[in-house]
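Structural overview
Take a look at the letters that make up each chain.
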Amino acid sequence: MTWKEYLTLNIYGRNDWNSTLLYPDGRGNYSYFYPGADLAWVFTDAFKLPSAFTYGKLRASYVFAGNGASVYQTNTGVFRAIDGYVDRNGNTIERYEYESRTLGNLNLNPEKSQKLEIGTEMKFFMNRLGFDFTYYKQNTKDQIVPLQVPAESGVENALINAGNIQNQGIELALYGSPVKSRNFSWDVYVNYTRNRNKIISLAPV
């Protein structure tokens, strides 16, 4: 949705049905929905500013994302082909064996991620000078991880939802044209980034 060509709002949503979270008995939290929205405001088109301001925009977004498990990961064991035979119609029929090293989890949830991003872009003096700044923060929760268990249990690992990993940082781009003529242009671009990962919580002990 756009209002007067300088304020734009996008709203979107997605739903996934992930078969890797579906168990042999038909149970499982295999459907998950994740929405998002972003807003952009070109304020130099909304107000009359001094001529030095060529372009100015503020933006913000907040989105969710989901993720399932790898194939066969959630089941207690997988089928593995070991050999096969040819039937009377000439079709190859494979023979399988059942193998188990990780204990599945019927209550496993999809991974969830949420991200906030805000930023601004400014240009001055007919695009001779400008910058683009972004701040972001992302938290990923309910990660699907194999937790090591005692060997006496008969398996090596048990799948659980655990953890909250935070990813936070800034991105700054500065650019300009110190020299610009009809036949020559000298453009300068400087980029700075900083990212910090933080473990908010881990698997229960």
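Each remark here, short or long, concerns the structure printed above.
So, here is what we can say about the structure in this document. (Residues numbered from 1 in each chain as written. Predicted model: local features only at pLDDT ≥ 70, side-chain atom pairs only at ≥ 80, totals over all residues. Heavy atoms only, no water.)

Observations concerning the side chain of N157
Quick note on the threshold: Starting at the N terminus, helices and strands are each numbered in turn, a helix being any DSSP run of H or I of at least four residues and a strand any DSSP run of E of at least two. Whether two residues touch is decided by their heavy atoms; if any such pair falls within 4.5 Å, the residues are in contact.
Mapped onto the elements of the fold, N157 is located in strand β10 (residues 157-180). Apart from the residues lying within four places of it in its own chain, the contact partners of N157 are R101, T102, L103, P146, L147, Q148 and V149.

Comments concerning the layout of surface pockets
A water-sized probe rolled over the atoms picks out the places where empty space is left. Which entries qualify depends on this criterion: The pocket and cavity definitions rest on a 1 Å grid over protein atoms only: a 1.4 Å probe that fits but cannot leave marks a cavity, an open set with protein on both sides within 12 Å along at least five of seven lines marks a pocket, and residues lining either have an atom within 4 Å of a point. Grid points are joined across faces, edges and corners, and a volume is the space filled by probe spheres set on the points.
Considering only enclosed or pocket space, the largest pocket measures out at about 180 Å³ in volume. In this structure, the largest pocket is lined by 13 residues; those nearest its centre are F64, A65, E111, K112 and S113. Among the elements of the structure, β3 (31-41), β4 (53-67), β8 (111-124) and β9 (129-148) are those that each provide at least two residues to the lining of the largest pocket. Considering each element in turn, the lining of the largest pocket owes the most residues, four residues, to β8.

Looking at unusual backbone geometry
Positive phi, close to 50 degrees, is recorded for F125, a residue that is not glycine. Position of F125 among the secondary structure elements: in the loop between β8 and β9. Positive phi values are uncommon outside glycine, yet N127 reaches one of about 70 degrees. Tracing the chain through its elements places N127 in the loop between β8 and β9.

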